[in-house]
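Structural features, examined
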Amino acid sequence: MAEQNPTGSAVRRARARTGTTLRALAAGIGVSVGTMSAIENGKVALTIDRLHEIARYLDVPVSHLVSPHPDRAPAEPPAGPADTGWRTFAELDLDPALRAAVQVFTDLGYHGATMRLVAHAAESSVAGIYHYHRSKQQLLVTLMTRTMDDMEWRVAAADAEGRSPAERFALMVEAIALCHTVRRDLAFITATEMRSLEEPERHTITEARRRLQRRLDEAAVAAAADGSFTTPDPRSTARAAATMCMSLPYWFSPTGPMTPAEVARDYAGHALAMMQVQAR
């Protein structure tokens, strides 16, 4: 028999997965325990705003609370907007606290930041920040997760566009370089604050980075096998290319002489030169 209230049940499952008590979630979104219980049991209708409050507090995508199968992970990284493509960047949907955290973490580093400084940058109270985000660590985890999700679907789309291993490799380098210029501050935080992540989230983000590197490695090895690349060590060279892209936030400026697209194309060319591309 189909569930009568999939959204309420999905909220309950998400809460259980995060180890959050009913009382804590109720307090976190500013309702009584009885109201929270009624929400989970389908006796109180959920507004869009309330659904977003719950998702923010539990630090899960809203889609996990409205999907008929919230426990079923997607087989592939989430697809990007169908009408834009991997080279087109819309602003990420970050609430004021997250946008403020980007500013404070970039300027002072994670350990130099405080929730009071984040609240000041967001023009909010400290209590207002805690209403949506349980801790400074949760802010960091959310920013890194959004960054890696965005980068993964773009690199996967670039990979799928390539007609040969060498072209796949070049397009993926271009996508990674774009992410590190267009999303410069987020990429900087993700690259420099891995040491600040706590488990199990540190493992999750590390695995996302490894997946990206494996895509590059596999394309490089395949291009070497078909004779397109002549470098004696395609895996190490692919890692050097990825590291080169990760350094972009240290120097790239949106007010500089080159656009993100121009830099990304240049870096794809540099990466191909490192691979010692065989002339045809």
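So, here is what we can say about the structure in this document. (Residues numbered from 1 in each chain as written. Predicted model: local features only at pLDDT ≥ 70, side-chain atom pairs only at ≥ 80, totals over all residues. Heavy atoms only, no water.)

Considerations on the environment of Lys 43
To keep things clear, this is the line we draw: Here a strand is any run of E in DSSP of at least two residues, a helix any run of H or I of at least four, and the numbering for each starts at the N terminus. Throughout, exposure labels follow a simple rule: accessible area from a 1.4 Å probe, protein chains only, divided by the maximum for the residue type, with under 20% read as buried, over 50% as exposed, and the rest as partly exposed.
Assignment of secondary structure puts Lys 43 in the loop between helix H3 (33–40) and helix H4 (48–58). Among the residues examined, Lys 43 registers a relative accessible area of 71% and is labelled exposed. Once the C-alpha coordinates of Lys 43 and Gly 8 are considered, the two residues, 35 residues apart in sequence, prove to be 8.9 Å apart.

Remarks on the packing of helix H10 (residues 165–182) against helix H15 (residues 260–274)
Threshold: Only C-alpha atoms enter the line fits that serve as axes; for helices the fit covers just the stretch in contact. Angles between N-to-C directions range over 0 to 180 degrees. Convention used here: angles under 35 degrees read as roughly parallel, angles over 145 as roughly antiparallel, angles from 65 to 115 as roughly perpendicular, and any remaining angle as oblique. Each crossing gets its handedness from the near helix: less than a right angle anticlockwise from the far helix is left-handed, clockwise is right-handed. Working rule for contacts: check all heavy atoms of both residues, and any pair within 4.5 Å makes them a contact.
Following both chains from N to C, one finds H10 and H15 inclined at 140°, their axes separated by 8 Å at the closest point. It follows that H10 is oblique to H15 by the angle criterion. The handedness of the crossing between H10 and H15 comes out as right-handed. Residues Ala 166, Phe 169, Ala 170, Val 173, Glu 174, Ala 177, Leu 178, Thr 181 and Val 182 of H10 form the contact with H15, whose participating residues are Pro 260, Ala 261, Val 263, Ala 264, Arg 265, Tyr 267, Ala 268, Ala 271 and Leu 272.

Here we look at the packing of H10 against helix H13 (residues 234–246)
The geometry of a pair of packed helices is captured by two quantities: the angle between their axes and the separation between those axes. For clarity, the cut-off: Following the grouping adopted for this structure description, the nonpolar residues are Ala, Val, Leu, Ile, Met, Phe, Trp, Tyr, Cys and Pro, the charged ones are Asp, Glu, Lys and Arg, and the polar ones are all others, Gly among them.
H13 packs onto H10 with a crossing angle of 25° between their chain directions and a minimal axis gap of 8 Å. Considering the angle they form, H10 stands roughly parallel to H13. With respect to the hand of their crossing, H10 and H13 are arranged in right-handed fashion. Seen from H10, the contacting residues are Phe 169, Val 173, Ile 176, Ala 177 and His 180; seen from H13, they are Ala 238, Ala 241, Cys 245 and Met 246. Of the residues belonging to the contact of H10 with H13, the class tally is eight nonpolar, one polar and no charged.

Topic: the environment of Lys 136
Spelled out, the test is: Each polar contact in these results corresponds to two N or O atoms within 3.5 Å; when the atoms are within protein, one needs to be able to donate a hydrogen and the other to accept it, and residues that are neighboring in sequence are counted only if both atoms are side-chain atoms.
Structurally, Lys 136 is set in helix H9 (residues 136–161). A relative accessible area of 18% places Lys 136 in the buried class. A polar side-chain atom of Lys 136 sits 2.9 Å from the main-chain carbonyl oxygen of Ala 113.

A word on helix H2 (residues 22–29)
Where we set the bar: Think of it as the arc spanned by the lines of direction from the helix axis to the C-beta atoms.
Along H2, the positions that sit buried rather than exposed are Leu 25, Ala 26, Gly 28 and Ile 29. Taken end-on, H2 shows its buried residues confined to a sector of 165°, consistent with a single buried face. When the buried face of H2 is taken as reference, the exposed residues oriented beyond 90 degrees from it are Arg 23 and Ala 27. Directly beyond the C-terminal end of H2, a positive phi value near 80° is found at Gly 30.

Some thoughts on the packing of aromatic side chains
Any two aromatic rings considered together are summarised by their centre-to-centre distance and by the angle between their planes. Basically, it comes down to this: Each Phe, Tyr or Trp ring (for Trp, its six-membered ring) is paired with any other whose centre lies within 6.5 Å, and the angle between the two planes then decides the class: stacked below 30 degrees, edge-to-face above 60, tilted in between. Criterion for a charge above a ring: Arg CZ or Lys NZ at most 6 Å from the ring centre, at most 35 degrees from the ring normal.
Counted according to the given criterion, the structure contains four aromatic pairs. With a centroid separation of 5.5 Å and an interplanar angle of 65°, the aromatic rings of Phe 105 and Tyr 110 are classed as edge-to-face. Per residue, the accessibility class of Phe 105 equals that of Tyr 110, and both read buried. Between Trp 251 and Phe 252, the aromatic rings sit 6.2 Å apart at their centres with planes inclined by 75°, giving edge-to-face as the arrangement. A cation sits over an aromatic face here: Arg 134 above Tyr 57, 5.5 Å from the ring centre. We note Arg 154 situated over the ring of Phe 89; from NZ or CZ to the ring centre the distance is 3.7 Å.

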